[in-house]
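Residue-level structure breakdown
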Amino acid sequence: MSVHEHKKLLEELGVDVERHAKMMEMGYEGYKNQFMSQTNRPKAMEYFDWFMSEVQGQRIAEINELRKNKKPAIGAFCIFVPEEIIVGAGGACFGLCGGSPATIADAETELPRNICPLIKSAYGFKLQKTCAYTQSADFIYGETTCEAKKKTWELLNKHHPVKVMNIPHMKREKDLKMWKEELSEFKEHMEEITKKPLTFEEMKNGVKIVNEKRFALQRLDRLRSMNGSDVIPISAKDALFITQISFLDDPIRFTQKLNDLCDELEQRVKENNSVYKKETPRLMVLGTPFALPNWKLHTAVETSGGAIVNEESCIGHRYYKDNVDIDEIKDEDSLMEKLLQKYSSVDCACFTPNTPRIDKILQMYKDRKLDGVIYYSLSFCHTYNVEAKLVTDALEKEGIPALVIESDYSPEDAGQIKTRVEAFLESINFKKMKKN
Amino acid sequence: MYWGIDIGSTYTKICGIDKNLNIIDKEVIPTIIDQDEIVKKYLSNKEVKMLISTGYGRDMIKDALDFPTISEIKAHSRAAYHFQNSADMVIDLGGQDCKVIKLDSNGGFIDFKMNDKCAAGTGKFLEITANRIGLNYEEFSTIGFKADKELSISSMCAVFAESEVVSLISKKESAANICYAVHDAIASRIASMANKFATTSENIIFTGGGALNPFLIHLVSKKLNKKVTASTQPQISGALGAALIACEID
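Residues numbered from 1 in each chain as written. Chains lettered and ligands numbered in written order. Predicted model: local features only at pLDDT ≥ 70, side-chain atom pairs only at ≥ 80, totals over all residues. Heavy atoms only, no water.

On to the overall build of chain B, then. The secondary structure content of chain B amounts to 9 helices and 9 strands. Scaling as 2.2 N^0.38, a compact globule of 250 residues should have a C-alpha radius of gyration of about 18 Å, and chain B matches this with 19 Å. Expressed as lengths along the three principal axes of its C-alpha atoms, the size of chain B is roughly 60 × 40 × 30 Å. Expressed as a percentage of the 250 residues in chain B, the buried residues total 54%. Considering only contacts within chain B whose residues lie at least 6 apart along the sequence, 64% involve residues at least 24 apart. As displayed, chain B offers around 11100 Å² of accessible surface, 52% of which is attributable to carbon and sulfur atoms. (Helix = DSSP H or I, 4+ residues; strand = E, 2+ residues; numbered from the N terminus. Rg over C-alpha atoms; globule rule 2.2 N^0.38 Å. Buried < 20%, exposed > 50% of the residue type's maximum accessible area, 1.4 Å probe, protein only. Contact = heavy atoms within 4.5 Å. Areas by Shrake-Rupley, 256 points an atom, 1.4 Å probe, with all protein chains shown as cover.)

Written out as structure tokens, the structure is:
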């Protein structure tokens, strides 16, 4: 860990350096125990291991180098924040800390107890000043995807500059028109930081860079779940971690490193080199995102003899499934239109109705030759919790085995979750046995 | 001898059977620190042909005695089948968990529901309330039959539910009526889990510590409008199921 080398910068950012160092050490210990101890890991994971060791060191220094050159540094909690525009302006878009139970007690001094752990954790990081990303953000860009978030922005704004993008909850023409205006306003906010107009070419370049990143993530997704054989060349934990840091790393470097990894995974598939035993049940996880370092469910599944081959969540498939089609684009208005098309195809549970999500899940189940799904939802995440009923009804109709788990970041229910996961895998294995 | 060890959050249950599936040995001991060593010592002078562990502490014992583990769900399903092979549903109420398991006709299970992290609707809550009222658990689990008022507790959280109990005490409600309210709340939760299967179950087995509570079984049966039978030796049911599977595997 190199946070000590960056002590001066962290102090300038107002980070509580001592507390931060302790948290980072604990986090890195957890990573070493859970990730670096895995056997038969792809060699190209070395880069991602390195990134973890520098997650709040060198990467923070890079972001602050950009800031020195008047480039935007934008912290976000949602995949609706159009990172293409930030990258186009030469800046950095990053996901803020929000997956740890260690900051929740502090957050509860200002926020109610019964809202989702992601919001509380993120808010606590700001109060504690223990996330160098939060401290580096010119703005935190909030959105209106749920009630708890949109009210939290008003409180958070007292501690850090926050701007809010109004995401509609329906996709009618009038809603999309408003949304497009929000995108234009977003662009203006970037120009306020760079103090110069953002050109069409720059924006297009931003889209290209982020498209490439999504292509690489789609490639990883295919290698994990769609090569049509029993071979799964990378563990679920490693794949989840890569997706988690796709929200933090420099997009060009990340894309290159991920493509290197995918080259190696392709080779592994050819050589029948799987990280799982043959006939390990293949699962997909649906629902709310796993913010770093929430690895609880993945750990439970992997220590119970199951494989997760896809996450249908915002830190997962929902984030990278669509690219922005810019081949024929000649002017800014049509570029904005294409961006809107991409973002409005996100099937977040904040929308009503949200049937494309259900159709997508059923399709993914078939395409990926899965054995079951786990619907994971954070406590008090009302949209995903309520939508669970619609999704599981559709799954039941198709005879797809499903397990619903609601949890938070505390380690207390790890044993209970493991029991449920194990029993779920036992029932899948039993059904498979009967079929054969 | 075939052994099943069920390390629960409160008690560790040990069950040994012979090849004719007769129970030869059983033991219920409080779960404390270094439980794996205690179990190892218990088995040290016994013949162990095969052992399977289950329950919350199943992995802990795996390090001490290298035998397979299974989930409690599987263990309880197998035990229910042994007890009554026509059973098509098991309700298991333990200290920290409540499970409803839909069985298939061969001692396996089709599906299950289990409570999320929460103590309301588990045995722990019954224990806390019994203490509050100053009754021992045995009295508490029968006095509800004498209730003359159908009081209810609305809180979903054990902590708040406990304060509702306190307010009933201060209103000078009788022990029987308070007992009714608490059992009714738990029975409602169990019934709603069971109803999620849109069940056609006719033969429901109640197991775990909850099966030692006749009033609870009475209320669950009333809510489901089905006959609910307490399993024999409900406390060791998980351990027995594990032992039965150990015997099958061998």
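Don't stop here, the text continues.
It is worth spelling out the packing of helix α4 (residues 123-133) of chain B against helix α7 (residues 175-195) of chain B at this point. Residues and elements named next belong to chain B. Running from N to C, α4 and α7 cross one another at 170 degrees; their axes reach a closest spacing of 11 Å. Relative to α7, the element α4 lies roughly antiparallel. Across from Phe-125, Leu-126, Thr-129 and Ile-133 in α4, the residues of α7 making contact are Ala-175, Ile-178, Val-182, His-183 and Ile-186. Residue composition of the contact of α4 with α7, by class: 7 nonpolar, 2 polar and no charged. (Axes fitted to C-alpha atoms, helices over the stretch in contact; angles between N-to-C directions. Parallel < 35°, antiparallel > 145°, perpendicular 65-115°, else oblique. Nonpolar A, V, L, I, M, F, W, Y, C, P; charged D, E, K, R; others polar.)

Attention now goes to the pattern of salt bridges. If the charged atoms of two oppositely charged side chains come close together, the side chains can form a pair. If you walk through the whole model with that rule in mind, you get 53 salt bridges over all chains. Close ionic contact of B:Lys149 with B:Glu173 constitutes a salt bridge, the shortest N to O distance being 3.1 Å. Remark: B:Glu173 occurs in the loop between α6 (158-170) and α7 and B:Lys149 occurs in the loop between α5 (137-140) and α6; sequence separation between them is 24 residues. The class for B:Glu173 is buried, based on a relative accessible area of 18%. One connected set of salt bridges, linked through shared partners, spans A:Lys418, A:Glu422, B:Arg58, B:Asp59, B:Glu72, B:Asp92, B:Asp97 and B:Lys99. (Salt bridge = Lys/Arg side-chain N within 4 Å of Asp/Glu carboxyl O.)

What follows covers the sheet that holds strand β7 (residues 109-114) of chain B. All names here are of chain B. Overall, mixed pairing links the 5 strands, which are arranged β7-β6-β5-β8-β9 in an open sheet. At either end of the open sheet lies a strand with only one pairing partner, and these are β7 and β9 (228-230). The sheet shows a mean angle of 20 degrees between the axes of neighbouring strands, direction not considered. Summarising the sheet, strand β5 (residues 89-93) and strand β6 (residues 98-103) pair through 5 bridges and their orientation is antiparallel. Bridging across to β6, Val-90 finds its partner in Ile-101. (Pairing = 2+ DSSP bridges.)

Distances and angles like these do not, on their own, reveal function.
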